[in-house]
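Observations on the model geometry
Spelled out, the chains give:
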Number of protein chains: 2
Amino acid sequence: MSKKVSMKDIATELGVSVALVSYVLNGKFTNRINVETAEKIRKLAKQHNYRPNQIAKSLKSSKTYTIGLIIADISNLFYSSIAHFIEEEANKQGYNVVFGSAYEDPERFASILDVFIAKQVDGLILAVPEGGEKYLERVKEVSLPFVVLDREFAELDRSMIVNIDNYGASKVVVEHFQQQGFTKTAAIALKTNLKHLQARKEGFMETSSQALGLREPLFYEVLEKDLEQEIERIILHAVQVEKVDSLYFFTNRIAMAGLAVLARFDIAVPEQVAVVCFDEADAYKIFKREITYVQQPLKEMSQMAVQKILNPEIRKLKKIFQTKLIVKESTNQIIDNEKL
Amino acid sequence: MSKKVSMKDIATELGVSVALVSYVLNGKFTNRINVETAEKIRKLAKQHNYRPNQIAKSLKSSKTYTIGLIIADISNLFYSSIAHFIEEEANKQGYNVVFGSAYEDPERFASILDVFIAKQVDGLILAVPEGGEKYLERVKEVSLPFVVLDREFAELDRSMIVNIDNYGASKVVVEHFQQQGFTKTAAIALKTNLKHLQARKEGFMETSSQALGLREPLFYEVLEKDLEQEIERIILHAVQVEKVDSLYFFTNRIAMAGLAVLARFDIAVPEQVAVVCFDEADAYKIFKREITYVQQPLKEMSQMAVQKILNPEIRKLKKIFQTKLIVKESTNQIIDNEKL
DNA sequence: TTATTTCATTTAAACGATTAAACAAAAGAA
DNA sequence: TTCTTTTGTTTAATCGTTTAAATGAAATAA
């Protein structure tokens, strides 16, 4: 019930000045301050369960020990994993995390950005949506440290970006399909201009073309809305009409929808189609065959993002993270009986 | 590059007082203030892209427009969904969310609590871990509005709790199994003393006993560590030795591990065992059969939690949310050939 | 012409902490 | 005994904003 106690309350109760209380509780001038007075102050502070008001401290120091994190959607496993690791690393360094979801909407992104700036966060980790890059100016104006996560933009110095080699990731996927004997792959991606997904696409297209010669690689794009239905249509077309022997799902959500279709229509994996997904999901374990997927080093990336915010030296580094193909049953080689 | 501009900067530049700037920018005393002066101030503020310092505002008003959310783990789908809805509702009311994960560790919980209190959040939404209830005293001490989410504690007035009827949820599950002709169910739960999970257990045990007469219901408990292996052992035992015809997975994580075992060992669902899971997951869609599950009204619960924080009237309400059994193929009735 | 309103703006305290600088009293050096 | 140091504490400014109260000038009323 008791309201919060301030240094002033303690000072008044003991008939000393606020400054003295501050010095004692912060362990300053320990050699000058009377031991008994100090003891009295400490005791009363404990008794009243004194907690410094972080707001007041922040006003003086203009440090809030808070990092702002803007992602697409916290309920998406990819981002919630990142949030998890960012929180972990931030905590380790004595920082907290405020988060906001922009749902790929640049206006929403800008509005959250403004709020976080007004809140005086000490740094920002941003999964900038398409069309949101122009609002980064606002961050620069107030010279707030920031990094862009997952996404990339041409105007942005590489040292400000924490992401993976998307081109290379797709290259590895295509090569893996080849090695396992799958020669006709369809990739399914979101329709978007986001540069990192473009790179992922190019990695697929170019590597496929090289490997397959002239044949045009099969690349499908779906819109966010009606994703489920679109994917059903696409997969059935790819499998039944185009007779592909392998599918490459470009994102988490696409993978989920795609695997659901495969399960529902009893399309055998990998016998009828092999499957590779981008990003990890618990769910892959419960599909009839365990799923081969591209693993991003989320923990390392998150740590790097936080460290870039907090450490100017690390902020200068340019680093592209490499992904790892986790090979499971969904790309098992098919032994063709006729060749035996 | 330019540092942040304050009201003082604007005031100085125009040779007026800070108070006047404040009045103008907050639209106070509009009838008294000279229209031209007001215009000048507004113009310069816009020009300099003035953003009020929220920290300073908070210090004066002791309102931070921030809600603290403490959950077990943001990367767990259940909590990230809740975080999503809480953020959504909080935003709608002009609030932000800071979050912390306590990983079911009461000390960690207490430490996050302290930080949030020092940060002067306006309210707290807490998934209190076992043994963490004693730290709620700290929150009461500073008379901060709070609600406990998902969990329940005897000492706590029901109006402070936002959760579901766990007993009833299990009752419905058992009855559903009965109706579908499954008579020997094993439930798999976490080993815990958390009251809400106890209620879930009692709902299962009592309804089962009543339905089955004297036969002791099969109830397995697993430890958090080695969860995967334990569950494998348990399921194989339940299915092969005890010959159960149905499984009831008590939580998200148990369900995932359990379904993975069923998939790996090719245990047919629902032909060999029917399955019901607690809580929703994308993953259920990609299991060979769609999974019947207990759905919590997460959105409504999240909204209620936020509203309880922000509205003293709603804070008084006592409400237990009801779950909904989403029936899918994993509990399809088995037509026994021998009876035909 | 003097008193009263109205208008436009400023002063100053406050929120809760930090911190450089000032100060008074006691102790030590000359 | 006077001067200098040391010891222990206070004063006051500051961070950026809000807001009640004060102020002074112009307009209106008496």
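Computed from a prediction, not measured in an experiment: that's the story for all the values here.

**A word on the overall build of chain A**
Tallying secondary structure elements over chain A gives 13 helices and 12 strands in all. Its C-alpha radius of gyration of 27 Å places chain A more than 25% over the 20 Å reference for a compact globule of 340 residues. In terms of principal-axis extent, the alpha carbons of chain A reach across some 95 × 40 × 35 Å. Classification of the 340 residues of chain A by burial places 54% in the buried group. Taking contacts inside chain A between residues at least 6 apart in sequence as the whole, the part at least 24 apart equals 69%. When the accessible surface of chain A is totalled, it reaches about 15,700 Å², and 51% of it is carbon and sulfur. In chain A, 45 positive and 45 negative side-chain charges are present, and the distance between their average locations comes to 9 Å.

**With respect to the protein's contact with DNA strand C**
Around DNA strand C lies a shell of 29 residues, among which Met7, Ser22, Lys28 and Tyr50 of chain A together with Arg32 of chain B are the nearest. Within the side chain of tyrosine 50 of chain A, one N or O atom sits 2.8 Å away from a phosphate oxygen of DNA strand C. Note that a base nitrogen of DNA strand C is positioned 2.4 Å from one of the side-chain N or O atoms of arginine 32 of chain B. Residue contributions to the surface near DNA strand C peak at four residues, all from helix H2 (residues 18-25) of chain A. Tallied by class, residues from the surface near DNA strand C come to 13 nonpolar, nine polar and seven charged.

**Some remarks on the sheet that holds strand E1 (residues 66-71) of chain B**
Read from one edge to the other, the open sheet built from 12 strands follows the order E11(A)-E5(A)-E4(A)-E3(A)-E1(A)-E2(A)-E2(B)-E1(B)-E3(B)-E4(B)-E5(B)-E11(B), with strand pairing classed as mixed. Both edges of this open sheet fall to strand E11 (320-321) of chain A together with strand E11 (320-321) of chain B, since each of them pairs with a single strand only. Sheet analysis places strand E1 (residues 66-71) of chain A next to strand E2 (residues 96-101) of chain A, joined by six bridges and oriented parallel. The partner of glycine 68 of chain A across the bridge, within E2 of chain A, is valine 98 of chain A.

**So, the relation of the copies chain A and chain B**
With an RMSD of 0.1 Å, the operation that places chain A on chain B is a rotation of 180 degrees combined with a shift of 0.0 Å along the axis. On this basis, the relationship between the two copies can be described by a two-fold rotation axis. A symmetric contact is evident, with 100% of the interface residues of chain A recurring at the interface of chain B.

**Points about the pattern of salt bridges**
Residues and elements named next belong to chain A. Summed over all chains, the structure comprises 46 salt bridges over all chains. Across the pair arginine 138 and aspartate 114 runs a salt bridge, and its minimum N-O distance is 2.6 Å. One end of the pair, arginine 138, is in helix H7 (residues 136-141); the other, aspartate 114, is in helix H6 (residues 106-118), and 24 residues separate them in sequence. Accessibility expressed as a relative area gives 24% for arginine 138, which makes it partly exposed.

**With respect to the UniProt feature "domain: HTH lacI-type" (unreviewed entry) in chain A**
Following the UniProt record, one finds the feature "domain: HTH lacI-type" (unreviewed entry) at residues 5-61 of chain A. What you have in residues 5-61 of chain A is 65% helix and 0% strand, and the ends, taken at the C-alpha atoms, are 21 Å apart.

**A short note on the environment of glutamine 178 of chain A**
In this fold, glutamine 178 of chain A is placed in helix H8 (residues 166-179). In sequence terms glutamine 178 of chain A and glutamate 300 of chain A are 122 residues apart; their C-alpha atoms lie 30 Å from each other.

**Re the interface of chain A and chain B**
Every contact between the two is made by 54 residues of chain A and, on the other side, 54 residues of chain B. Roughly 4,900 Å² is buried in total at the junction of chain A and chain B, and carbon and sulfur atoms are behind 57% of that figure. The tally of links from chain A across to chain B stands at two salt bridges. Salt-bridge contacts for arginine 51 of chain B lead to aspartate 114 of chain A; the nearest nitrogen and oxygen are separated by 3.2 Å.

**Re the side chain of threonine 292 of chain A**
Residue and element names in this part refer to chain A. The topology assignment puts threonine 292 in strand E10 (residues 292-295). Here threonine 331 takes part through its side chain, which lies 2.7 Å from a polar atom of the side chain of threonine 292. In contact with threonine 292, not counting residues within four places along its chain, are His176, Val275, Val276, Cys277, Leu325, Ile326, Val327, Lys328, Glu329, Ser330 and Thr331.

**Overview of the packing of aromatic side chains**
Within the structure shown, the criterion is met by 19 aromatic pairs over all chains. On the numbers, 4.9 Å between centres and 75 degrees between planes, the contact of phenylalanine 78 of chain A with tyrosine 79 of chain A is edge-to-face. The exposure class assigned to tyrosine 79 of chain A is buried, which follows from its relative accessible area of 5%. When the centroid spacing of 4.8 Å and the interplanar angle of 85 degrees are considered together, the rings of tyrosine 23 of chain B and phenylalanine 29 of chain B count as edge-to-face. We classify tyrosine 23 of chain B as partly exposed; its relative accessible area is 35%. The exposure class of phenylalanine 29 of chain B is partly exposed, given its relative accessible area of 45%. Grouping aromatic residues by their ring pairs yields a cluster made of Phe204, Phe219, Tyr248 and Phe250 of chain A. Geometry around tyrosine 65 of chain A places lysine 63 of chain A over its ring, the cationic atom sitting 5.0 Å from the centre.

**A few points about the protein's contact with DNA strand D**
Around DNA strand D, a shell composed of 29 residues is seen, among which Arg32 and Lys60 of chain A together with Met7, Lys28 and Tyr50 of chain B lie nearest. In DNA strand D, atoms within 4 Å of the protein come 51% from sugar and phosphate. The backbone of asparagine 34 of chain A places a nitrogen or oxygen atom 3.2 Å from a phosphate oxygen of DNA strand D. Elements with a minimum of two residues in the surface near DNA strand D: H2 and helix H4 (54-61) of chain A together with helix H1 (7-14), helix H2 (18-25) and helix H4 (54-61) of chain B. Partitioned by chemical class, the residues of the surface near DNA strand D number 13 nonpolar, nine polar and seven charged.

**Describing the pairing of strand E4 (residues 146-149) of chain B**
All names here are of chain B. Burial of E4 is two-sided: the residues Phe146 and Val148 facing one way and the residues Val147 and Leu149 facing the other way are all buried. Taking the sense of rotation as the criterion, the β-α-β connection linking strand E3 (residues 123-126), helix H7 (residues 136-141) and E4 turns out right-handed. Pairing between E4 and strand E5 (residues 161-164): two bridges, direction parallel. If you follow valine 148 over to E5, its bridge partner there is isoleucine 161.

**Focus on the packing of helix H10 (residues 227-241) of chain A against helix H11 (residues 252-264) of chain A**
All names here are of chain A. Running from amino to carboxyl end, H10 crosses H11 at an angle of 55 degrees, the nearest separation of the two axes being 9 Å. In terms of axis orientation, H10 runs oblique to H11. When you trace H10 past H11, the crossing you get is right-handed. When H10 is examined against H11, the residues Leu227, Glu228, Ile231, Glu232 and Ile235 are found in contact with a partner set consisting of Arg253, Ile254, Ala257, Gly258, Val261, Leu262 and Arg264.

Parameters and conventions
- Residues numbered from 1 in each chain as written.
- Chains lettered and ligands numbered in written order.
- Predicted model: local features only at pLDDT ≥ 70, side-chain atom pairs only at ≥ 80, totals over all residues.
- Heavy atoms only, no water.
- Helix = DSSP H or I, 4+ residues; strand = E, 2+ residues; numbered from the N terminus.
- Rg over C-alpha atoms; globule rule 2.2 N^0.38 Å.
- Buried < 20%, exposed > 50% of the residue type's maximum accessible area, 1.4 Å probe, protein only.
- Contact = heavy atoms within 4.5 Å.
- Areas by Shrake-Rupley, 256 points an atom, 1.4 Å probe, with all protein chains shown as cover.
- Lys, Arg positive; Asp, Glu negative; His and termini not counted.
- Charge placed at Lys NZ, Arg CZ, Asp CG, Glu CD.
- Near = heavy atom within 4 Å.
- Polar contact = N/O pair within 3.5 Å; in protein donor to acceptor, adjacent residues only side chain to side chain.
- Nonpolar A, V, L, I, M, F, W, Y, C, P; charged D, E, K, R; others polar.
- Pairing = 2+ DSSP bridges.
- Least-squares fit on C-alpha atoms with pLDDT ≥ 70 in both.
- Salt bridge = Lys/Arg side-chain N within 4 Å of Asp/Glu carboxyl O.
- UniProt positions renumbered as here; feature names shortened; annotations may be inferred.
- Buried area = accessible area lost by both parts, 1.4 Å probe.
- Phe/Tyr/Trp six-rings, centres within 6.5 Å; stacked < 30°, edge-to-face > 60°.
- Lys NZ or Arg CZ within 6 Å of the ring centre and 35° of its normal.
- Right-handed = clockwise from strand over helix to strand, strands pointing away.
- Axes fitted to C-alpha atoms, helices over the stretch in contact; angles between N-to-C directions.
- Parallel < 35°, antiparallel > 145°, perpendicular 65-115°, else oblique.
- Left-handed = near helix turned anticlockwise from the far one by under 90°.

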